[in-house]
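# Descriptive structure summary
Residue strings, one per chain:
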Amino acid sequence: MMEDQEEKGNAENGIGRQKQVKDEYLLQFLDSLDGYLTLLDSLSSTLSQGWLELASARHAMGASRINGALLDLKVHAAATSLKVSEQDVDSMESQPCFTLCKWASSDNGERSSGEEKSLSPQLRHRNNSQLSEEKVSTRTGTPLILVDQQRQKSLSVFGVLVSPKLRSAQLSFERALETLVEIANLHTTMLSMFEQVHKELENTNG
Amino acid sequence: MYGFEAMTFNIHGGYLEAIVRGYRAGLLTAADYNNLCQCETLDDIKMHLSATEYGPYLQNEPSPLHTTTIVEKCTLKLVDEYKHMLCQATEPLSTFLEYITYGHMIDNVVLIVTGTLHERDVQELLEKCHPLGMFDSIATLAVAQNMRELYRLVLVDTPLAPYFSECITSEDLDDMNIEIMRNTLYKAYLEDFYKFCQKLGGATAEIMSDLLAFEADRRAVNITINSIGTELTRDDRRKLYSNFGLLYPYGHEELAVCEDIDQVRGVMEKYPPYQSIFSKLSYGESQMLDKAFYEEEFHYGVFFAYMRLREQEIRNLMWISECVAQNQKSRVHDSVVFIF
């Protein structure tokens, strides 16, 4: 009798733990979905801002100074690159992890905070891109002046003396690129969580 | 009345002054801008513009429209009007009208040289050039490797030749050198135009000296603001400012050392004409240009003022079109300059 009760108790504890694990996966999936949708919205508004700033720069400087015909077709190294690596989620599977290497042609190759973001699926709120740049440069030791030089170099296709609106547009598109990488990482996390939830449901039904 | 222009101006300039005053009456009004700012699509803008003088230029454009198409077609109207005035003009008005286009010529030269440096196709670059700044040998610019060749092969036979004396070096063309060349040419052009107007004398000299002084001052402010945070040194910056204008010479000395926009504002606010209009520099310019039509008759300033007002109107149309196309109508009033 006592043994029966003990077995029944153990079974109930096991079921409870399973339910807790399922709830945890479900919560993580919903969190990642919420973060994903928020980031999509943020990307949309950042891109809108960037395009309007670009139009404002064309308005200030003239269409002959800002147009696609001035972009450099000479072979040159990319200023920014994307690194894809495999991150182990558990012993059975791994998921891709995206890292943005901004202004990689500079001497120290500044790494964006996207690298830290790729390890955490949680949403980071951006207040001021310049403030985050300062924090990154402090962490990595890359002088901000090198980053500014690289930015000016990439804008120099439109001339050396460009409108502040064009510089703002550049920063907006930089932020958009970082957000895209965050979205990609969150998307893989979300899909991974979805598969976990799906597996748990199948186990329960099976 | 500055001289006895009323007695002699109409002999050679009367017809064209009447023409340009007629053109001026065709500029868009506040009601037109109100209608345009409420458009939902670029086709709506085309529909509203069909009731204006731009109508014939846009009516055959197929949908979907692009903002660059609207700007190109509106610019064609300006070019047609300019060419009509130029072919009817006699000296010295014809030279005066040609001076108005040298700025566009400089922009086209820099566009071709920069595009060639970036290995772009010449035909593609020629399509982007402003029609008012075209000249016969412009395509040959793609061959030059440095400024000396640029001058020797092409520009020596153009009206820009005299402005090149300060630019001729054997240094290769790179982004910084091209920028310095652009601004040095423009500085020389403005100063030459100023001297030409002074030689004409009378009402033309008086009115044009104010308008060109404003242009020189606006250029100085733009150069200052755009060079903040760049590798352009203070001495190089000072060299790009024109040697006339309200800000010359003391304002230029202060602008040359400015490190941010607040310092620039501080410098400008010391000059009463610029105190209240610093934030609305373009609006102030439009007011000055429009005054040239009303304050005096029998001078060439009306032609310069009309060209600048039309160019401002085209920029307004470009901005309104971009805001409508990007669904940002709330931002329309950020950059539209109302002329009336």
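Under an unreviewed UniProt entry, the name given to chain B is V-type proton ATPase subunit d2, and the organism recorded is Citrus sinensis.

Under an unreviewed UniProt entry, chain A has the name Vacuolar ATPase assembly protein VMA22 and belongs to Citrus clementina.

On to the overall build of chain B, then. Secondary structure assignment for chain B yields 17 helices and zero strands. For a compact globule of 340 residues, the expected C-alpha radius of gyration is about 20 Å, and chain B comes in at 21 Å, within 12% of that figure. Along the longest, intermediate and shortest principal axes, the C-alpha atoms of chain B span 55 × 55 × 45 Å. Burial analysis of chain B (340 residues in total) assigns 54% to the buried set. Residue pairs at least 24 apart in sequence account for 65% of intrachain contacts in chain B once pairs closer than 6 positions are excluded. Counting every atom, chain B has about 15,200 Å² of accessible surface; 50% of that belongs to carbon and sulfur. Looking at charge distribution, chain B has the averaged site of its 29 positive side-chain charges lying 2 Å from that of its 51 negative ones.

Our next topic: the environment of Glu81(B). All names here are of chain B. Among the secondary structure elements, Glu81 is positioned in helix H6 (residues 67-88). Looking at Glu81, the relative accessible area reads 7%, which means it is buried. Glu81 sits 182 residues away from Gln263 along the chain, and the two C-alpha atoms are 42 Å apart. For Glu81, the residues in contact, after removing those within four places along its chain, are Tyr23, Glu53, Tyr306 and Arg310.

Counting 98 residues, the largest nonpolar core has Phe96(B), Phe193(B) and Phe303(B) as the members making the most contacts within it. Listed in part, the 20 residues of the second largest apolar core include Val160(A), Phe214(B), Tyr241(B) and Val267(B).

This part covers the interface of chain B and chain A. Taken residue by residue, the interface counts 36 residues in chain B and 27 residues in chain A. Taken together, the two surfaces of chain B and chain A that pack against each other cover about 2,800 Å², and 59% of this comes from carbon and sulfur. Summed over the three residues of chain B that lose the most area to chain A, namely His118(B), Arg120(B) and Asn226(B), the buried surface amounts to 21% of that side. The tally of links from chain B across to chain A stands at two salt bridges. The residue Arg58(A) makes a salt bridge to Glu322(B) at a minimum N-O spacing of 3.9 Å. Our count for the chain B to chain A interface comes out at 13 residue pairs in polar contact (both at pLDDT 80 or more).

Residue and element names in this part refer to chain B. Two numbers describe how H6 lies on helix H17 (residues 301-325): the axes approach to 9 Å, and their chain directions differ by 170 degrees. Classified by the interaxial angle, the pair formed by H6 and H17 is roughly antiparallel. For the pair formed by H6 and H17, the contact residues are Thr67, Ile70, Val71, Cys74, Thr75, Lys77, Leu78, Glu81, Tyr82 and Met85 on the first element and Phe303, Tyr306, Met307, Arg310, Glu311, Ile314, Leu317, Met318, Ser321, Glu322 and Ala325 on the second. For the contact of H6 with H17, a count of residues per class yields 13 nonpolar, three polar and five charged.

Our focus in this paragraph is the environment of Glu215(B). All names here are of chain B. Inspection of the secondary structure puts Glu215 in helix H11 (residues 202-227). Classification of Glu215 by relative accessible area gives buried; the value is 6%. It is 15 Å that separates the C-alpha atoms of Glu215 and Pro249, two residues lying 34 residues apart in sequence. At a separation of 3.4 Å, a polar atom in the side chain of Glu215 contacts the side chain of Tyr186.

Here His104(B) lies in helix H7 (residues 93-117). If near-sequence neighbours (up to four positions away) are discounted, His104(B) is found in contact with His130(B), Leu132(B), Gly133(B) and Glu311(B).

Within the structure shown, the criterion is met by 25 salt bridges over all chains. Between Arg310(B) and Glu53(B) there is a salt bridge whose closest N-O contact spans 3.4 Å. Of this pair, Arg310(B) sits in helix H17 while Glu53(B) sits in the loop between helix H4 (42-49) and helix H5 (55-58), and the two are 257 residues apart along the sequence. Within the structure, one salt-bridge network assembled from shared partners comprises Lys102(A), Asp148(A), Arg151(A), Glu174(A) and Glu178(A).

What follows is about the confidence of the model for chain B. Low pLDDT marks stretches whose predicted atomic positions should not be read closely. All names here are of chain B. The pLDDT averaged across chain B works out to 88; a share of 91% of its residues lies at or above 70. Confidence scores differ between elements of chain B, with helix H16 (residues 281-295) showing the lowest mean pLDDT of 64 and H6 the highest of 95. We note a pTM of 0.84 for the whole complex and an ipTM of 0.89 for its interfaces.

Working note: α-helix, 3.6 residues per turn, so residues spaced by three or four point in the same direction. All names here are of chain B. Restricting attention to buried positions, one finds in helix H9 (residues 147-154) the residues Met147, Leu150 and Val154. Buried residues of H9, seen end-on, are gathered within an arc of 70 degrees and therefore sit on one face of the element. Residues of H9 that are buried in the fold lie against H7 and helix H10 (175-200). Structurally, the start of H9 carries an N-cap: the backbone nitrogen of Arg148 is 3.0 Å from a side-chain oxygen of Asn146.

Right, let's get into unusual backbone geometry. Residue and element names in this part refer to chain B. With omega at 0 degrees, the peptide bond leading from Ser63 into Pro64 counts as cis. Tracing the backbone through its elements, the reader meets Pro64 in the loop between H5 and H6. Here the bond from Glu91 into Pro92 is cis, since omega is -5 degrees, no more than 30 degrees from zero. By secondary structure assignment, the location of Pro92 is in the loop between H6 and H7.

Now for helix H4 (residues 144-155) of chain A. End to end, H4(A) covers 17 Å across 12 residues, agreeing with the expected 16 Å (1.5 Å per residue, within 8%). Buried within H4(A) are the following residues: Leu146(A), Val147(A), Gln150(A), Arg151(A) and Leu155(A).

Right, let's get into the packing of aromatic side chains. How two aromatic rings sit relative to each other is given by the distance of their centres and the angle of their planes. Residues and elements named next belong to chain B. Summed over all chains, the structure comprises 18 aromatic pairs over all chains. Ring centres of Tyr194 and Phe244 lie 4.3 Å apart, and the angle between their planes is 25 degrees; this geometry places the pair in the stacked category. With Tyr194 in helix H10 and Phe244 in the loop between helix H12 (234-240) and helix H13 (250-256), this pair connects stretches of sequence that are 50 residues apart. Given the relative accessible area of 25%, Tyr194 is considered partly exposed. When its relative accessible area of 7% is taken as the criterion, Phe244 is described as buried. Their ring planes at 65 degrees and their centres at 6.3 Å tell us that Tyr300 and Phe303 sit as a pair that is edge-to-face. Residue Phe303 is classed as buried on the basis of its relative accessible area of 0%. Counting every residue linked through ring pairs, the aromatic cluster contains Phe9, Phe96, Tyr99, Tyr102, Tyr163, Tyr186, Tyr189, Phe193, Phe196, Tyr300, Phe303 and Phe304.

Cut-off values and rules
- Counting starts from 1 at the beginning of each chain's written sequence and moves along it residue by residue.
- Numbering of ligands from 1 and lettering of chains from A proceed in the order in which they are written.
- Side-chain atom pairs in this predicted model are given and counted only at pLDDT of 80 or more, local residue features only at pLDDT of at least 70, and totals for whole chains, interfaces and linings cover all residues.
- Water and hydrogen atoms play no part in the side-chain values, which are based on all heavy atoms of the structure.
- Secondary structure elements follow DSSP: runs of H or I of four or more residues count as helices, runs of E of two or more count as strands, with numbering from the N terminus.
- Between the two quantities, the radius of gyration covers C-alpha atoms and the globule rule is 2.2 Å times the number of residues to the power 0.38.
- A simple rule labels every residue: compare its accessible area, found with a 1.4 Å probe on the protein chains alone, to the largest value its type can have, and call it buried under 20%, exposed over 50%, or partly exposed in between.
- Contacts are assigned to residue pairs with any non-hydrogen atoms lying within 4.5 Å of each other.
- Here, Shrake-Rupley sampling with a 1.4 Å probe gives the accessible areas, and only protein chains in the shown set may cover a residue.
- Residues scored as positive are Lys and Arg, those scored as negative are Asp and Glu, and His as well as the terminal groups of each chain are ignored.
- Where a charge lies is defined by one atom per residue type, namely NZ (Lys), CZ (Arg), CG (Asp) and CD (Glu).
- What we call a nonpolar core is a set of buried Ala, Val, Leu, Ile, Met, Phe, Trp, Tyr and Cys residues that are connected through their side-chain atoms within 4.5 Å.
- By buried area we mean how much accessible surface two parts lose on assembly, using a 1.4 Å probe and totalling the loss over both.
- One speaks of a salt bridge when a side-chain nitrogen belonging to Lys or Arg is within 4 Å of a carboxyl oxygen belonging to Asp or Glu.
- For the purposes of these results, a polar contact is taken to be a pair of N or O atoms within 3.5 Å, where, inside protein, one atom must be able to donate a hydrogen and its partner to accept one; residues adjacent in sequence count only when each atom of the pair is a side-chain atom.
- Here the axes come from fitting lines to C-alpha atoms, over the contacting stretch only for helices, and the angles between their N-to-C directions go from 0 to 180 degrees.
- Our angle categories are set so that under 35 degrees counts as roughly parallel, over 145 as roughly antiparallel, 65 to 115 as roughly perpendicular, and the remainder as oblique.
- Put simply, Ala, Val, Leu, Ile, Met, Phe, Trp, Tyr, Cys and Pro go in the nonpolar bin, Asp, Glu, Lys and Arg in the charged bin, and everything else, Gly too, in the polar bin.
- Each residue carries a pLDDT value, the predictor's own confidence for that position, ranging from 0 to 100.
- Picture the helix axis, draw a direction to every C-beta atom, and the arc is the one those directions span.
- A helix's residues, less one, multiplied by 1.5 Å, set its expected span.
- Two rings belonging to Phe, Tyr or Trp (six-membered ring only in the last case) form a pair when the distance between their centres is within 6.5 Å. Interplanar angles under 30 degrees mark stacking, angles over 60 mark edge-to-face geometry, and anything in between is tilted.

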